[in-house]
Each structure stands twice: as structure tokens, then as C-alpha cells.
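The chain contents come next:
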Amino acid sequence: MREKLFHLRHLLMLLSVIVLWFGINEAGTVLFDEHNEMVFNMLLFAQQAPIPQQNWKIKHVLQHDSSVFAVAMSPDGREVAAGGIVSPVVSLWDVESGTPVRQLRGLKGSAQALAYSPDGRFFAAGRGMIRPVDTCVFVFQRSTDNILQRLQPPKVTTRRNPKGVGAVESLQYSPDSEFLAVGFDGGAIGIYEATTGQLKSSIMIPDGLDGPLAYSPTGKYVAFGELKKVETGALEKPHVIQLLDVETGEIVRTLVGHTGRVTALAFSPDGKHLASGTSTGIVERFLDKKTNQPVTQRNADPIRIWDVETGTLVKELSGHTGMIRFLAFYQGGQYLVSGSQDKTLKVWDVVRGEVVTTLSGHNSLIEAGAVSPDGKYLVSGGANLVKIWER
């Protein structure tokens with residue numbers, strides 16, 4: 001049925017073009033009569049016709065030894081890794097067969113973030129520790145247990161963490177695999193040389209890093225959320241997204257609009273757009289200061305898509321009712337996947353701003369996810385389970 005509607009949509013569009021062609025007079029102007037009004041209505045119907053569905057099905061359900069907090073997929077789409085916030089173990093599986101590849105053991109602290117380098121040489125695991133001094137990132141030679149580097153956080157202090165920055169919030173390799181950007185809870189970003197592990201530059205964030213970071217596909221920017229300190233009663237939103245020029249270390253753009261903590265960021269494959277999600281979902285509850293009554297506001301903080309060069313808001317995607325835990329574009333940026341603590345995954349048609357499909361295979365909070373580069377596989381993690389989806 002969907003296939004027939006798809007063909008009908010394109011047939012109507014072709015028919016509309018033909019009729020419009022004959023509706024043009026010798027002077028080259030369209031004759032806006034009742035006939036052409038019918039044509040425009042046909043065009044409108046064609047645009048509103050259902051779009052092809054993205055049929056994702058669960059391929060494997062994998063079990064980790066603790067609650068999953070971070071997942072990553074290898075650049076060739078053949079391997080998936082998962083780590084949790086209770087156990088130091090990182091589990092790796094073969095995507096196609098679902099069989100275990102190996103487990104990385106003997107590491108201190110919980111697995112806060114995981115990342116493969118795009119060239120497939122490295123695998124990084126960011127750790128969370130009880131003491132900030134023990135915080136680090138372990139870098140492995142891909143497909144081995146060989147630790148190449150142990151990256152230490154920048155020696156900076158902030159208003160939020162006067163004793164030094166804390167656990168690893170997130171990490172991501174540059175598109176050319178030359179650098180690794182690491183965000184540390186408490187207020188710092190470190191840019192490390194991937195091969196040597198040397199700290200190239202560090203950025204201090206006085207009031208605290210507000211969630212994850214993301215490297216742009218061009219390698220020009222690193223986007224991150226920042227918690228801005230504001231005066232009591234001020235109208236400014238404390239949660240903003242910053243675009244950092246990696247080369248100069250300067251903030252080139254600030255994206256303002258979210259009301260909740262930034263919890264997910266993803267650049268489109270061409271680097272022109274940035275998707276962001278927050279802890280608020282689309283429901284915000286707060287105490288009205290004038291009436292002193294609790295207020296529930298829906299659609300308060302949807303997923304937002306921004307134009308990177310201008311900083312303008314392009315699209316808002318409303319549908320989730322819980323914290324957004326991950327975002328990922330695929331198929332050339334035509335689709336966006338979002339995972340939420342409302343226990344669902346949603347696939348969005350980016351241009352239309354509409355939900356294509358909702359995946360409800362989790363019985364617990366979704367905490368992490370990723371999509372293979374070719375868009376064939378989707379992985380999501382929640383509780384102690386990792387689910388691999390295939391389309």
C-alpha cells in the first residue's frame with residue numbers, strides 16, 4: 001500500500017507539471033483561473049502524500065554486565081561497543097552475527113564515553129572516576145587489548161570545579177582521525193593528537209560543560225553545551241550551545257533557545273546543520289513565580305536543528321516526552337534518529353520535520369545509541385541490554 005502511495009505521489013507531481021505547462025499563455029504568465037487552482041491543490045496533495053517508511057527490525061539483543069551508558073559503532077559498521085556507569089568492562093560484538101568479539105577489562109572507573117576513529121586505527125574509552133585526579137581516557141589500538149595512551153585531563157580549575165575537572169562527559173575523533181576532542185565534567189575540553197596522545201589545546205568553560213560535544217564533519221568546529229551563570233530573575237536562558245573554532249580556540253557562534261540541559265548533539269553529514277536535544281524533552285514543569293502554582297508546559301523544548309553558519313533555528317521536532325540521549329543523521333542527512341528516556345527511538349524526515357517511524361523495542365530508559373555510516377544498522381542501549389536494529 002505504501003509503495004502504491006509513493007508511486008501515486010510522483011504520478012500526481014508529473015501530471016501537475018504537464019498541466020501547468022499547458023496553463024502558461026504566450027506571454028509566459030500562468031493563467032490563475034479555476035483550472036490552475038485545481039492544479040495547485042493537486043501539487044499540495046502530492047507534497048502531503050505519505051513518505052516511504054523506514055522499516056527497522058531488531059536483529060540482535062545483546063547483554064552487557066552492567067547498565068549501558070555509552071555505545072559506539074566502528075566506521076566499517078561491523079563492530080559495536082558498549083560500556084556502563086557501574087562496571088569498568090567494555091564489551092564488543094560483531095554486528096552481523098551478534099557474537100562477542102572481546103571484553104576490555106582491568107580498567108579503572110566506569111565507561112562514560114566510547115569512540116572509534118574514522119580511519120579505524122583507534123578505539124577510545126573515556127572513564128569516570130571517584131577522584132578527578134584519576135580521570136583519564138584509554139586509547140587502544142583497534143581490534144586489540146593494546147593500550148596505546150592514557151590521556152590525562154587538562155590541568156585547569158573552574159568556578160564549578162575549583163579542584164580540577166571531573167569525569168569524561170563525551171569524546172569524538174576529528175573526521176580526519178588526527179585529533180580527539182574530550183569533554184570533561186566540571187568545565188574543560190581537551191584536544192589531543194590522536195597518534196601521540198599529546199594535548200594540543202585546552203578550553204576552559206568557567207560555569208561548566210553542559211553535556212556532550214560533537215566534531216563537525218569539516219573538522220572546523222567542535223560544538224558543545226555550556227551552562228551559563230545568570231543572575232536570579234534574569235530572562236537569559238542558562239543553557240546554550242557553543243561553536244568552537246578548533247584552530248583558533250575562539251567561540252564563533254552561540255545558539256540560544258533551549259530551556260533544558262543539552263544532552264545530545266549531532267552534525268549533518270555535510271556539516272551545514274546541527275541537531276540538538278535536551279533533558280527536558282517536550283514537557284517542562286516549573287513553579288510560576290507570579291501565581292506560585294505548578295505549571296506543566298508541553299512542546300517547551302523540542303529537538304532543534306540549527307544552521308551552523310548563521311546560527312539560525314531551521315526546524316523543531318516535537319514528539320518525545322523524555323530526555324534526549326542521542327541523535328544521529330544518516331542517508332546523507334535526509335533522516336535523523338533520536339533516542340530518548342521515554343523508551344522510544346524516532347526516525348525523522350528532516351526536511352518535512354515529521355516522524356517517519358517510532359521504534360518501541362525497549363522496556364527501560366534508552367541511554368545511548370549510534371548509526372552505522374551506511375545507515376544499515378542502528379544500535380541502542382538501555383538497562384543492561386544493547387539492541388542492534390537492521391533495515
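Here, the structure is the one placed above.
Residues numbered from 1 in each chain as written. Predicted model: local features only at pLDDT ≥ 70, side-chain atom pairs only at ≥ 80, totals over all residues. Heavy atoms only, no water.

Caption draft 1: The sheet that holds strand 7 (residues 122-128), seen in detail. Spatially, four strands are ordered 6-7-8-9 in an open sheet, and the strand pairing comes out antiparallel. Taken across any chain shown, the strands that pair with only one partner, and hence form the sheet edges, are strand 6 (110-116) and strand 9 (147-151). Averaged over all neighbouring strand pairs, the angle between strand axes comes to 20°, with direction disregarded. With six bridges joining them, strand 6 and strand 7 adopt antiparallel strand pairing. Paired with A113 across the two strands is G126, which belongs to strand 7. (Pairing = 2+ DSSP bridges. Helix = DSSP H or I, 4+ residues; strand = E, 2+ residues; numbered from the N terminus. Axes fitted to C-alpha atoms, helices over the stretch in contact; angles between N-to-C directions.)

Caption draft 2: Representation of the pattern of salt bridges within the structure. Evaluation of the coordinates by the stated rule reveals twelve salt bridges. Residues E390 and K59 are paired through a salt bridge, measuring 3.3 Å at the closest nitrogen-oxygen approach. One end of the pair, E390, is in strand 30 (residues 385-390); the other, K59, is in strand 1 (residues 57-63), with 331 residues separating them in the sequence. Taking the shortest distance from any N to any O, the salt bridge between D119 and R121 comes out at 2.5 Å. Owing to a relative accessible area of 36%, R121 belongs among the partly exposed residues under this scheme. Members of the salt-bridge network, linked through shared partners, are K59, E96, K376 and E390. (Salt bridge = Lys/Arg side-chain N within 4 Å of Asp/Glu carboxyl O. Buried < 20%, exposed > 50% of the residue type's maximum accessible area, 1.4 Å probe, protein only.)

Caption draft 3: Structural context of the environment of T158. For T158, the location among the structural elements is in the loop between strand 9 and strand 10 (168-173). Remark: the alpha-carbon pair of T158 and G186, spanning 28 residues in sequence, is separated by 7.0 Å. Sequence-distant contacts of T158, defined by excluding residues within four places in its chain, comprise G186, G187, M204, I205 and P206. (Contact = heavy atoms within 4.5 Å.)

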